[in-house]
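Each chain, letter by letter, is given below.
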Amino acid sequence: MPRMTMIEAIRDAHGVKMAEDDNVVVFGEDVGYFGGVFRCTAGLQERFGKSRCFDAPINESGIVGTAIGMAAFGLRPVVEMQFADYVYPAYDQIVSEAARLRYRSAGDFTCPLVVRMPTGGGIFGGQTHSQSPEALFTHVSGLKTVVPSNPYDAKGLLIAAIEDNDPVIFLEPKRLYNGPFDGDHDKPVTPWSKHPLGEVPDGRYIVPLGKGAIRREGAALTVLAYGTMVHVAEAAAEMVGIDAEIVDLRTLMPLDLDLIEASVKKTGRCLVVHEATLTSGFGAELVAVVADACFYHLEAPIVRVAGWDTPYPHAQEWDYFPGQARIGGAMKRVMEG
Amino acid sequence: MGSGLSLHVPEPEVRPGGAPDFSGVKIARAGTVRRPPVDVDPSEIRDLAFSIIRVLNRNGEAVGEWAGTLTDEETLAGLKTMMRVRAFDRRMLMAQRQGKTSFYMQCLGEEAIACAFRKALEPGDMNFPTYRQQGLLIADDYPLVDMMCQIYSNRRDPLKGRQLPIMYSSKSHGFFSISGNLATQFVQGVGWAMASAIKGGKDIAAAWIGDGSTAESDFHAGMVFASTYKAPVVLNIVNNQWAISTFQGIAKGGSGTFAARGLGFGIPSLRVDGNDYLAVHAAAKWAVERARRNLGPTLIEWVTYRAAAHSTSDDPSAYRPKEETDAWPLGDPVKRLKNHLILRGAWSEERHVQAEAEIDAEILAAQKEAESHGTLHTGPKPSVRDMFEGVYEEMPPHLRRQRQEAGV
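Keep in mind the model is a prediction, meaning the values are calculated, not measured.

1. Examining the domain arrangement of chain A
The parts lose accessible area when they come together, and the size of an interface is often stated as this lost area.
Residue and element names in this part refer to chain A.
Step number 1: With domains assigned, chain A is organised as domain 1 (6–198) and domain 2 (213–336).
Step number 2: The centre of domain 1, based on its C-alpha atoms, is set 25 Å off from the matching centre of domain 2.
Step number 3: Buried surface at the junction of domain 1 and domain 2, summed over both partners, amounts to about 2,500 Å²; 60% is from carbon and sulfur atoms.
Step number 4: Interface area lost by domain 1 to domain 2 is led by F124, T138 and V147, which between them contribute 21%.
Step number 5: In this assembly, domain 1 and domain 2 are joined by two salt bridges.
Step number 6: D153 is the salt-bridge partner of R215, the closest N and O atoms lying 2.5 Å from each other.
Step number 7: Along the contact surface separating domain 1 from domain 2 lie 14 residue pairs in polar contact (both at pLDDT 80 or more).
Step number 8: Elements represented by at least two residues in the side of domain 1 that touches domain 2 include exactly α6 (134–138), β5 (144–146) and α7 (151–163).

Okay, structure coming up:
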């Protein structure tokens, strides 16, 4: 089976869908001729022509706004925000338009659209290349929000997102593009070729939206995580020697409620981890969901580990990033609590 | 102190209590502006962004190179469509005042723009309208009862009670779902047109925006994308002089005209008498042909005047003289077209009065039928259970749980 990086898997998902369906078009800043600053669309213009994959003006609202019009026409646009940090000019188009088009027109118009964006930190990108804005999308009715944690899922989820008839926000943890980064920034990153989830089948397959996965089975506590934090939490569990069950949510909206409930009811303890800032982060929703569904099964208070409530710093990146030490420490607290 | 900086805040010529003054509005004589070929080099018609294309002169004659796109029969049909729009607005305004719905927006004085524009389009073309283009639907014979049911949010509302009154949607009538947010649809229209070009089809788009909303970033986004990809789209700015209480000078600044906004983008830009049904049709036809021949976008500023309040939540006497409507130098579109047809011998005062009565009866009958399906005030309304439907194609688990909790 071919081994791919997450970048190659994402590129492959585009290629599979573009070959299969003429209505799939791909555009964004530097996306066409050059193939994207992270190279996720490299080769697509050459393969499918300029009208299927092209460069866009630097105008995120225009990129998403035109994509909505294309989706209403009947195309399946897949657009790239160069960084999730740049999505805000398009926020109105996403929230007020894409998300509500089906509802407000009673199905007269729909918006099968994918907005891809690299998310998260760990690359010394400072405050404008490191943010994790997922909660700004999960809060919006009508959107689906996806965060893959490995090449296999990235391809399967992106194909599922492109085939979905509703708008999907597709957040790609950029620190995972080239390997399963576990938070240890001093050690060279393991390439995806050495990881089982770097094995990516040829052709079309999907990872269904709305379904999480258990990455590591355990009995002592449940860790709810997604994206980069899945790998950091796995490493942290090894480090502190706690039999943690790591749940990779994969899709944040709609959320795999049954999987979360089953795991927390089994372990009786829950730790929620994300890289985004703490307050009003998606972790707050997860805590509420668990408290609601599993309160009488809990043996300790639910704990959150998240980015501090500051802008993403540059020099202090590794003090900001929720690394193995903080997550491991929190695991111990949950076990003691 | 006098030598320091000071902020320039534009002001309209006159405020309530003052005498209306439109002496600053320069109006070219009807028939004097040339009609260039549709494949003209945009740089050769930059002056058209500063003039004003008019066909109907003061006497009611159709004159100049832009005249002659419609037969008398088609013109008469256009007159009746405008009368229908006006009568529809009058009844629905009254219905709102009677508490049968929450909100209404008229297009009084602007009827010619949407009504004549629609007649320049073909089936399959798509409008991305604002909230004041009800004429697009009525000119395309969209059922009045369906419009009213939407306004009443009743059980026959095609939009199932989900949208504010008048935010219609009809794909089959080339009318994109109205958002209610401003300017977002302008760039979407460009995207729709790009999609049509990507697919190599023949359908074109028309994007709409008001004078005030041209200040929004999405107007400029639309202009950039339309210009870059030469999208087959007609970009319409309806300059009705007022954005709620804000006069057009606040959005326009020192640029001269809204049409001139197109020049920096290399987009052919026309400025047209929006109260002249024949001029609207002729200019629309020109721009539509350009789009369909893959010659790219056209920007058109339709110069008109919002003769009524912004909406039922607005009282214009607080910010502009009441007499301003009558003083508006481009007149009333219905009266002007009526006079033209009478001059042509195709119409008369008597027939006009009779047509008014017939149209009123038609609107009243539609209203009765719509009200038999309920009003917002008395119901019956769309079901609460349905409130949870259609957020996604398939209802996700969390919404199913919430619907259960709501007990529906």
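2. As for helix α4 (residues 144–152) of chain B
Residue and element names in this part refer to chain B.
Step number 1: Most of α4 is tucked away: eight of the nine residues are buried.
Step number 2: Listed as buried for α4 are L144, V145, M147, M148, C149, Q150, I151 and Y152.
Step number 3: Along its buried surface, α4 packs onto α1 (72–97), α3 (134–139) and α11 (349–371).
Step number 4: One or two residues past the end of α4 sits S153, with phi positive at roughly 50°.

3. A few points about the nonpolar core
Nonpolar side chains in soluble globular proteins tend to end up buried together.
Step number 1: Membership of the largest hydrophobic core comes to 88 residues, with the highest contact counts inside it found for W66(B), F88(B), F117(B), I166(B), L270(B), Y277(B) and W302(B).
Step number 2: Once residues lying within four places of it in the same chain are set aside, the contact partners of W302(B) are I113(B), F117(B), W208(B), N236(B), I237(B), V238(B), N239(B), V272(B), G274(B), V280(B), A283(B) and A284(B).
Step number 3: V64(A), L255(A), V190(B) and I209(B) belong to the second largest nonpolar core, which has 78 residues in total.

4. What about the packing of aromatic side chains?
Step number 1: Per the counting criterion, the structure on display carries 27 aromatic pairs over all chains.
Step number 2: Taken together, a centroid distance of 6.3 Å and an interplanar angle of 85° make the contact between F117(B) and W302(B) edge-to-face. You can see F117(B) sitting in helix α2 (residues 111–118) and its partner W302(B) sitting in strand β7 (residues 298–303), a full 185 residues away along the chain.
Step number 3: Here the aromatic cluster, defined as three or more aromatic residues joined through ring pairs, consists of F27(A), F54(A), F225(B) and Y229(B).

5. Focus on the pattern of salt bridges
Residue and element names in this part refer to chain B.
Step number 1: Evaluation of the coordinates by the stated rule reveals 43 salt bridges over all chains.
Step number 2: Its salt-bridge partner being R344, residue D72 comes within 3.1 Å of it at the nearest N-O pair. Of this pair, D72 sits in helix α1 while R344 is found in the loop between α10 (333–343) and α11, placing the two residues 272 residues apart along the sequence.
Step number 3: Looking at R344, the relative accessible area reads 51%, which means it is exposed.
Step number 4: With a closest N to O distance of 2.7 Å, D332 and R86 form a salt bridge.

6. Thoughts on the UniProt feature "domain: Dehydrogenase E1 component" (unreviewed entry) in chain B
Step number 1: With numbering matched to this structure, UniProt assigns "domain: Dehydrogenase E1 component" (unreviewed entry) to residues 80–377 of chain B.
Step number 2: The distance separating the terminal C-alpha atoms of residues 80–377 of chain B is 31 Å; by composition the span is 43% helix and 10% strand.

7. So, the side chain of S149(A)
All names here are of chain A.
Step number 1: Along the chain, S149 falls in the loop between β5 and α7.
Step number 2: Side-chain polar atoms of S149 contact the side chain of N150, separated by 3.2 Å.
Step number 3: In terms of polar contacts, S149 uses its side chain to reach the side chain of D248, at 2.5 Å.
Step number 4: The residues touching S149, leaving out its near neighbours within four places in the chain, are M6, L176, W192, R215, G227, V230, H231 and D248.

8. So, the sheet that holds strand β3 (residues 233–239) of chain B
All names here are of chain B.
Step number 1: Ordered in space as β1-β2-β3-β7-β6, the five strands form an open sheet in which the pairing is parallel. Each of the sheet's edge strands pairs with one partner strand only, and the pair in question is β1 (126–128) and β6 (269–273). In this sheet, adjacent strand axes meet at a mean angle of 20° when their direction is disregarded.
Step number 2: Where β3 meets β7, six bridges bridge the pair, whose relative direction is parallel. Each bridged residue has a counterpart across the sheet, and for V234 the counterpart in β7 is T298.
Step number 3: Relative to the sheet, α2 contacts β1, β2 (205–210), β3 and β7, its axis offset from that of β2 by approximately 175°.
Step number 4: Contacts from helix α8 (residues 277–292) reach β3, β6 and β7, with the element oriented near 170° to β7.

9. A word on the interface of chain A and chain B
Step number 1: Between chain A and chain B, the residue contacts involve 44 residues of the former and 42 residues of the latter.
Step number 2: A buried area of about 3,600 Å², summed over both sides, lies between chain A and chain B, and 62% of it is on carbon and sulfur atoms.
Step number 3: Three residues stand out in chain A for area buried against chain B, namely F73(A), Y103(A) and R104(A), and they jointly supply 21% of the buried area on that side.
Step number 4: There are two salt bridges connecting chain A and chain B.
Step number 5: The salt bridge involving E261(A) is made with R401(B); its shortest N-O contact spans 3.7 Å.
Step number 6: At the surface where chain A touches chain B, the tally comes to 22 residue pairs in polar contact (both at pLDDT 80 or more).

The rules behind each value
Residues numbered from 1 in each chain as written. Chains lettered and ligands numbered in written order. Predicted model: local features only at pLDDT ≥ 70, side-chain atom pairs only at ≥ 80, totals over all residues. Heavy atoms only, no water. Domains from an automatic or database assignment. Buried area = accessible area lost by both parts, 1.4 Å probe. Salt bridge = Lys/Arg side-chain N within 4 Å of Asp/Glu carboxyl O. Polar contact = N/O pair within 3.5 Å; in protein donor to acceptor, adjacent residues only side chain to side chain. Helix = DSSP H or I, 4+ residues; strand = E, 2+ residues; numbered from the N terminus. Buried < 20%, exposed > 50% of the residue type's maximum accessible area, 1.4 Å probe, protein only. Contact = heavy atoms within 4.5 Å. Core = buried A, V, L, I, M, F, W, Y, C linked by side-chain atoms within 4.5 Å. Phe/Tyr/Trp six-rings, centres within 6.5 Å; stacked < 30°, edge-to-face > 60°. UniProt positions renumbered as here; feature names shortened; annotations may be inferred. Pairing = 2+ DSSP bridges. Axes fitted to C-alpha atoms, helices over the stretch in contact; angles between N-to-C directions.

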